[in-house]
Structure formats: C-alpha cells, structure tokens
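Notes for the structure review
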Amino acid sequence: MKTEHTNNGGFLQMDSVEHERYAEAYSTNGREAEEKDGAGLLEKVLDRDNLNIAYKRVKANKGASGVGGMTVNEAGSWLKENKGELLEKIRNGKYKPSPVRRVEIPKNNGGVRKLGIPTVIDRIIQQAIAQVLTPIYEPKFSEGSYGYRSNRSAKDAIAKVKDYAE
C-alpha cells in the first residue's frame, strides 16, 4: 500500500508499508559503529604479536623483493631499526606504500602474465591487515562466493558450477 510523496532531506520519497519489511536489513548504523571501532582494529593490526606473525608468514613465502630490492631477511633488521617511525606513520595516516615492481611471467600459450611485486615491508603490512580483517569478514561471505578468498579458486568455482549443472 503506497501513500503520498514526502520530502525526506530534499529527496522525494514514496511512503510505503513495505518499509516495515526492511527492519532487519543491515543499516549504515552498523558501519558507523565499525568505523568508530577502526582505531581498535588498527591497534590489533599493529600489535607486536600480529606483526611478528605477519613477518614470519611473508618470510615463509620466500617471495621476491620489490622495487627497493630489500629481501625478507634484510627486512627483519630494517624493522628493528625503523619500527617506531613506521608505526607512527601508519597511525597518523602518513604511510604510503611503495610502487610495485612489474614482472612479466611467461604463459604456456606464448603470452605473458604481468605481476606486481610489492616491497617486503608493504607485504608484511598487508599480511598483518589480512590477519585481523579476514576472521571478521570471512564469515559474512556467501557460501557461493569464490573470488579472492582463502582456500578457494576459480577452479573451485567452475567445479561447483559443473556440480550444479549436473
């Protein structure tokens, strides 16, 4: 059942009984609460134990160095000397990730796949962020969601589609 138009903050809107059905939908109020808690999330990201775990995971991946040429082993001593300054920049919103190093990887069909390699420090920070955010957001994803998720791939998604088709 619809009624007349009302002006809601300068926008015309049709009043409707249907609005009652949306009472349980997510609202922006939840986002505002999460944003207020952002400082708490940042401190979890920058927690010493979290950063140490992030460093160990990046080191275990044995990835190539980024544009600066710093290796994972060199990053350990760099972090000991520069940790305070780095954390301060991050807390103050002054940290800027370095450009990525572009590499071309040959493909079987003769083409190349372009890959961007972040610096080791940027990878450690990215890993520290992922370690805090993944447990929060992963449970909110749909079971049918495969993109950019741990332990899921495009091949898994294709296999699931084939299952559905059969």
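What comes next is a walk through the structure.

Conventions and cut-offs
- All chains use their own residue numbering, which begins from 1 and follows the written sequence.
- Local features are withheld for residues below a pLDDT of 70 in this predicted model, meaning they are given only at 70 or higher, and side-chain atom pairs are given and counted only at 80 or more; totals for whole chains, interfaces and linings count all residues.
- Only hydrogens and water are set aside; all other atoms, that is, all heavy atoms of the structure, feed into the side-chain values.
- The helix and strand labels rest on DSSP assignments: H or I over at least four residues marks a helix, E over at least two residues marks a strand, and numbering proceeds from the N terminus.
- For the exposure calls, accessible area comes from a 1.4 Å probe over protein chains only, and a residue counts as buried if that area is under 20% of its type's maximum, exposed if over 50%, partly exposed in between.
- Surface accessibility in these figures is a Shrake-Rupley result with a 1.4 Å probe; residues are shielded only by whichever protein chains are displayed.
- What makes two strands pair is DSSP finding at least two bridges between them.
- For helices, the fitted axis covers only the stretch in contact; all axes are lines through C-alpha atoms, and the angles between them, taken along N-to-C directions, range from 0 to 180 degrees.
- Throughout, a crossing is termed right-handed when the near helix is turned clockwise from the far one, and left-handed when it is turned anticlockwise from it by less than a right angle.
- Contact definition: two residues touch when any of their heavy atoms are within 4.5 Å.
- Each residue is assigned to one class: nonpolar for Ala, Val, Leu, Ile, Met, Phe, Trp, Tyr, Cys and Pro, charged for Asp, Glu, Lys and Arg, and polar for all the others, Gly among them.
- Multiplying 1.5 Å by the helix residue count minus one yields the expected span of that helix.
- One axis is fitted to the seven residues ending at the residue and one to the seven starting there. The bend at that residue is the angle between these axes.
- Stacked, tilted and edge-to-face are the three classes assigned to paired rings of Phe, Tyr and Trp, where Trp is represented by its six-membered ring and a pair needs centres within 6.5 Å; plane angles under 30 degrees give stacked, over 60 edge-to-face, the rest tilted.
- Only when the NZ of Lys or the CZ of Arg is both within 6 Å of the ring centre and within 35 degrees of the ring normal is a charge said to sit over the ring.
- When we speak of the arc, we mean the arc of directions from the helix axis to the C-beta atoms.
- Two N or O atoms form a polar contact when they lie within 3.5 Å of each other; inside protein one atom must be a possible hydrogen donor and the other a possible acceptor, and for residues adjacent in sequence the pair counts only when both atoms belong to side chains.
- Here the term patch refers to residues with relative accessible area over 30% and no salt bridge, with like charges joined within 9 Å and nonpolar side chains (Val, Leu, Ile, Met, Phe, Trp, Tyr) within 5 Å.
- In what follows, salt bridge is the name for a side-chain nitrogen of Lys or Arg lying within 4 Å of a carboxyl oxygen of Asp or Glu.
- Remark: nonpolar core denotes a set of buried residues (Ala, Val, Leu, Ile, Met, Phe, Trp, Tyr, Cys) joined through side-chain atoms within 4.5 Å.

**Remarks on the overall build of the protein**
Counting secondary structure elements, the protein contains 6 helices and 4 strands. Per-residue burial over the protein gives 20% buried out of 166 residues. Summed over its atoms, the accessible surface of the protein is roughly 13100 Å², and 52% of this surface lies on carbon and sulfur atoms.

**Here we look at the pairing of strand E3 (residues 101-106)**
Of all 6 residues making up E3, only 0 are buried, and the element is barely covered by its neighbours. Note that E3 and strand E4 (residues 112-117) share 6 bridges and pair antiparallel. Within E4, the position partnered with Pro106 by the bridge is Val112. What sits between the antiparallel neighbours E3 and E4 is a turn of 5 residues, in which Gly110 has the positive phi angle 95°.

**Re the packing of helix H4 (residues 72-91) against helix H5 (residues 120-137)**
Running from N to C, H4 and H5 cross one another at 65°; their axes reach a closest spacing of 10 Å. Relative to H5, H4 is oriented so that their crossing is right-handed. For the pair H4 and H5, the contacting residues are Val72, Ala75, Trp78, Leu79, Leu86 and Ile90 in the first and Val120, Ile121, Arg123, Ile124 and Ile125 in the second. For the contact of H4 with H5, the per-class residue count stands at 10 nonpolar, no polar and 1 charged.

**Structural notes on H4**
An ideal rise of 1.5 Å per residue puts 28 Å on 20 residues; H4 reaches only 23 Å between its terminal C-alpha atoms. Approximately 70° is the largest bend angle found in H4, and it occurs at Asn82. Of the positions making up H4, those classed as buried are Val72, Ala75, Gly76, Leu79, Asn82, Leu86, Leu87 and Ile90. Among the residues trailing H4, Gly93 stands out with phi positive, at a value near 70°.

**Quick notes on the packing of aromatic side chains**
Inspection of the entire model under this criterion finds 0 aromatic pairs. Residue placement shows Arg152 over the ring face of Tyr146; its charged tip is 4.8 Å from the ring centre.

**Regarding helix H3 (residues 48-61)**
Note: α-helices contain 3.6 residues per turn, so residues at a spacing of three or four share the same orientation. With 14 residues, H3 extends 20 Å from end C-alpha to end C-alpha; this agrees with the ideal 20 Å at 1.5 Å per step. Three or more residues of H3 are buried, namely Asn50, Leu51, Ala54, Tyr55 and Val58. Within H3, the buried residues cover an arc of 135° as seen down the axis, which keeps them to one side. Across H3 from its buried face, at more than 90 degrees, point the exposed residues Arg48, Asp49, Lys56 and Ala60. At the N-terminal boundary of H3, the capping side chain belongs to Asp47, with an oxygen 3.1 Å from the backbone nitrogen of Asp49. Backbone geometry just downstream of H3 places Lys62 in the positive-phi region, at approximately 55°.

**Considerations on a nonpolar patch on the surface**
Nonpolar side chains collect at one region of the surface, where Ile136, Tyr137 and Phe141 lie side by side and expose about 260 Å² of accessible area between them. Of note, Phe141 is situated in the loop between H5 and helix H6 (154-165).

**Description of the nonpolar core**
Ranked by size, the top nonpolar core spans 19 residues in total, and within it Tyr55, Ala75, Leu79, Leu86, Val120, Ile121 and Ile124 carry the most contacts. Counting residues per element, the ones that place at least two in this core are helix H2 (38-45), H3, H4 and H5. Setting aside residues up to four positions removed in sequence, Ile124 forms contacts with Leu51, Ala54, Tyr55, Val58, Ala75 and Leu79.

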